[in-house]
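Examining the three-dimensional arrangement
Spelled out from the first residue to the last, the chains are:
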Amino acid sequence: MTFDCKDLERALAVPELLPDAREHAKVCDACRRELWLWSEMSNVAPGLRQEWDTPDLWPKIRETLAAQQKAARPRSFDWRILAVAAALVMAVSVFVVMRWRPGSSAPAARQDSDFLTEQTLKEVEQSEAAYRASIDKLSRLAQPKLNASDNPETIADREKLLVLDSEISEVRSTVDRNRFNARLQTELAVLYREKQDTLKEILQRAQKY
Amino acid sequence: MPLAMAAGRVKARNDADLILASKRGDLSAFEEIYATHAGRMKSIAFHMLGDRADAEDAVQEAFLKIYRGAGAIQFDSHLAPWIYRILLNCCYDTGRKRRHQAEAPLTVEPAAQENAPLQVALRHALGRIHPQHRMVFWLFEVEGFRHSEVAAILEIPEGTSKKWLFEAKQELKRLLTESRS
């Protein structure tokens, strides 16, 4: 290929042409200067990088994160304890009531105390559907409030809702495999109740401000 | 754990391990992420904002957002592009808040070691080219990212990153040639 000055631009875009361009530059001052400038830009560019010490920056970030963690921790601790306690109380109550029901002293072929009847299951599922509808409605109202702010309280609320959602989905998938299990249904109801209360609390707080 | 120690063992745990540990509230893991990326982040933020205090604010805000967002990141995604995307957004926000123009001209506070005439001219010329071209030039030539990384950070195709770099260098070459003649 006969390389000409007008081919230089194309050679800069197509690396395969660069050897020809360099060859041509040996006899052409203008192209030599252009080629030198092209590669020299890349050579000097890293020197433009700014570096300076900021010994206070990480401690400031760590302090803020620690404060946020602290603000979030007691809230999530309280509700978890509460949820577990409520689930236990309800499970024990169901067990005691079923165990001491007249005529239930002899073990049945299936342990009625641990399982729901078709009728009860229907009621439980209706009440679950009502919870879900109410939660969906509350979520739609609370979402803009949750997105609007990044204060520690809102962050804690967001985290709590995330944890609740993941626990609900976990329990739900277990319930789907064992719909008649009273303990699981109770646990699910407690979690729904907790989510509903949390969303109500967020909306009430938003109204105050 | 002191930062210097963290910096020394940055490669001991990979990005996925670090973000997983950060998700669990392990601040020392998060400090490793900081040690790996903070220097480059400050430089980019300074390039965009033209002021060290603003750059530090943007980096701080970015790390707070990264920590909060750690729970949402997918493990199959790369950590670095996500981190730098958050940084760029924080810089735009900081720029707006301070009523500066985001990606301000680069004439303030030249680098301490900057003494070569070409380097001075290049810094000046960079302030005059198209902002998108400038950003690609900065990330590729100054910060040393690969085209695949630049593309992921700016959410553009890799081919566009290459094209914009070429166009940036063409513009710069023209400006530098004009200033020299």
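Each chain has its residues counted from 1, running along the sequence as written. The naming scheme follows written order: chains are lettered A onward, ligands numbered 1 onward. Only residues with pLDDT of at least 70 get local features here, since the model is predicted, and only at 80 or more are side-chain atom pairs given and counted; chain-wide, interface and lining totals rely on the full set of residues.

What follows is about the overall build of chain A. Summing up its helical and strand segments, chain A has 7 helices and 0 strands in all. The numbering of helices and of strands both runs from the N terminus, where a helix is a DSSP run of H or I of at least 4 residues and a strand a run of E of at least 2. Beginning at the N terminus, the succession of helices and strands in chain A can be written as α-α-α-α-α-α-α. Within chain A, buried positions represent 13% of all 209 residues. Note on contacts: each residue gets a C-beta atom placed from the backbone, and two residues are in contact if those atoms are within 7 Å. Taking the contacts inside chain A whose residues are at least 6 apart along the sequence as the reference set, 65% of them involve residues at least 24 apart. Three classes are used. A residue is buried when 20 or more other C-beta atoms lie within 10 Å of its own, exposed when 12 or fewer do, and partly exposed in between, with C-beta atoms placed from the backbone.

The next subject is the overall build of chain B. Counting secondary structure elements, chain B contains 9 helices and 0 strands. Each helix and strand of chain B, placed in order from N terminus to C terminus, yields the pattern α-α-α-α-α-α-α-α-α. A buried classification covers 41% of the 181 residues belonging to chain B. Of all intrachain contacts in chain B linking residues separated by at least 6 positions in sequence, the fraction that spans at least 24 positions is 63%.

Those residues of helix 6 (residues 117-126) of chain B that fall on the buried side of the exposure criterion are Gln119, Leu122, Arg123, Ala125 and Leu126 of chain B. Mapping the buried residues of helix 6 of chain B onto a view down its axis gives an arc of 165°, with all of them on the same face. This arc is taken over the directions from the axis of the helix to the C-beta atoms.

When a protein is soluble and globular, its nonpolar side chains tend to lie buried together. Residue and element names in this part refer to chain B. One nonpolar core equals one set of buried Ala, Val, Leu, Ile, Met, Phe, Trp, Tyr and Cys residues connected by C-beta atoms within 7 Å. Of all hydrophobic cores here, the largest spans 52 residues; its most connected members are Ala45, Ala58, Val59 and Leu87. If you list the elements that add at least two residues to this core, you get helix 2 (15-23), helix 3 (27-49), helix 4 (52-69), helix 5 (79-97), helix 6, helix 7 (131-142), helix 8 (147-154) and helix 9 (158-180). Sorting elements by how many residues they give to this core places helix 3 first, with 12 residues. Non-local contacts of Ala58, meaning those with residues more than four positions away in its chain, are made with Ala45, Leu49, Leu87, Cys90, Cys91 and Thr94.

Residues and elements named next belong to chain A. Averaged over all residues, the pLDDT of chain A equals 79, while 83% of them reach at least 70. Note on scores: pLDDT gives the predictor's confidence for each residue, bounded by 0 and 100. Per-element averaging of pLDDT across chain A places helix 4 (residues 57-99) at the bottom with 76 and helix 3 (residues 29-44) at the top with 91. Counted against residues more than four places away or in other chains, residues 105-112, with its pLDDT under 50, gives 3 contacts.

It is worth spelling out the packing of helix 7 of chain B against helix 8 of chain B at this point. Think of two packed helices as two axes; the pair is described by the angle between the axes and how far apart they sit. Residues and elements named next belong to chain B. An axis is simply a line fitted to the C-alpha atoms; with a helix, the fit covers only the stretch in contact. Between two such axes, the angle follows the N-to-C directions and lies from 0 to 180 degrees. Contact geometry of helix 7 with helix 8 gives a least axis separation of 10 Å together with a crossing angle of 135°. By the angle between their directions, the pair helix 7 and helix 8 is classed as oblique. Once helix 7 is placed against helix 8, the crossing between them reads as right-handed. Counting all contacts with helix 7, which are made through Met135, Val136, Leu139 and Phe140, the residues of helix 8 involved are His147, Val150, Ile153 and Leu154. Considering only residue class, the contact of helix 7 with helix 8 consists of 7 nonpolar, 1 polar and no charged. Oblique is the label for any angle not under 35 degrees, not over 145, and not in the 65 to 115 range, which are roughly parallel, roughly antiparallel and roughly perpendicular in turn. Crossings are assigned a handedness: left-handed for a near helix turned anticlockwise from the far helix by less than a right angle, right-handed for a clockwise turn. Under this grouping Gly is polar, as are all residues other than the nonpolar Ala, Val, Leu, Ile, Met, Phe, Trp, Tyr, Cys and Pro and the charged Asp, Glu, Lys and Arg.

With 26 residues of chain A at the interface, the matching set in chain B holds 36 residues. Those elements that provide at least two residues to the side of chain A that touches chain B are helix 3 and helix 4 of chain A. Classifying every residue of the side of chain A that touches chain B gives 14 nonpolar, 6 polar and 6 charged.

Another point: the environment of Cys31 of chain A. Residue and element names in this part refer to chain A. Along the chain, Cys31 turns up in helix 3. Since 20 C-beta atoms lie within 10 Å of it, Cys31 is described here as buried. Discounting chain neighbours no more than four positions away, the residues touching Cys31 are Cys5, Leu8, Ala21, His24 and Ala25.

Expected helix span is taken as 1.5 Å per residue step, with the number of steps being one fewer than the number of residues. The end-to-end C-alpha separation of helix 5 of chain B is 27 Å, in line with the 27 Å expected for 19 residues at 1.5 Å each. Lining the buried residues of helix 5 of chain B we find helix 3, helix 4 and helix 8 of chain B.

The next subject is the packing of helix 2 (residues 18-25) of chain A against helix 3 of chain A. All names here are of chain A. The N-to-C vectors of helix 2 and helix 3 enclose an angle of 130°; their axes lie 8 Å apart at closest approach. Considered as vectors, helix 2 and helix 3 are oriented oblique to each other. Residue-level inspection shows Ala21, Arg22, His24 and Ala25 of helix 2 in contact with helix 3, the latter providing Cys31, Arg32 and Leu35. Residues of the contact of helix 2 with helix 3, tallied by class, amount to 4 nonpolar, 1 polar and 2 charged.

The next subject is the confidence of the model for chain B. All names here are of chain B. Mean pLDDT over chain B works out to 82, with 79% of the residues at or above the 70 mark. Of all helices and strands in chain B, the one with the weakest mean pLDDT is helix 1 (residues 3-8) (40), whereas helix 7 scores best (95). Within the model, the stretch residues 1-11 combines pLDDT values under 50 with 13 contacts to residues more than four positions away or in other chains. Long-range and interchain partners of residues 100-114, a stretch whose pLDDT sits below 50, account for 35 contacts in this model, where long-range means more than four residues apart. Note on the complex model: pTM 0.59, ipTM 0.80.

Here the focus is unusual backbone geometry. Residues and elements named next belong to chain B. For Glu155, which is not glycine, the phi dihedral falls at a positive 55°. Note on placement: Glu155 falls in the loop between helix 8 and helix 9. For Glu155, a count of 9 C-beta atoms within 10 Å puts it in the exposed group.

Attention now goes to the environment of Phe46 of chain B. Within the element layout of this structure, Phe46 of chain B appears in helix 3. Along the primary structure Phe46 of chain B and Glu56 of chain B are separated by 10 residues, whereas in three dimensions their C-alpha atoms are 8.2 Å apart. Sequence-distant contacts of Phe46 of chain B, that is, excluding residues within four places in its chain, are made with Gln50 of chain A together with Arg52 and Ala55 of chain B.

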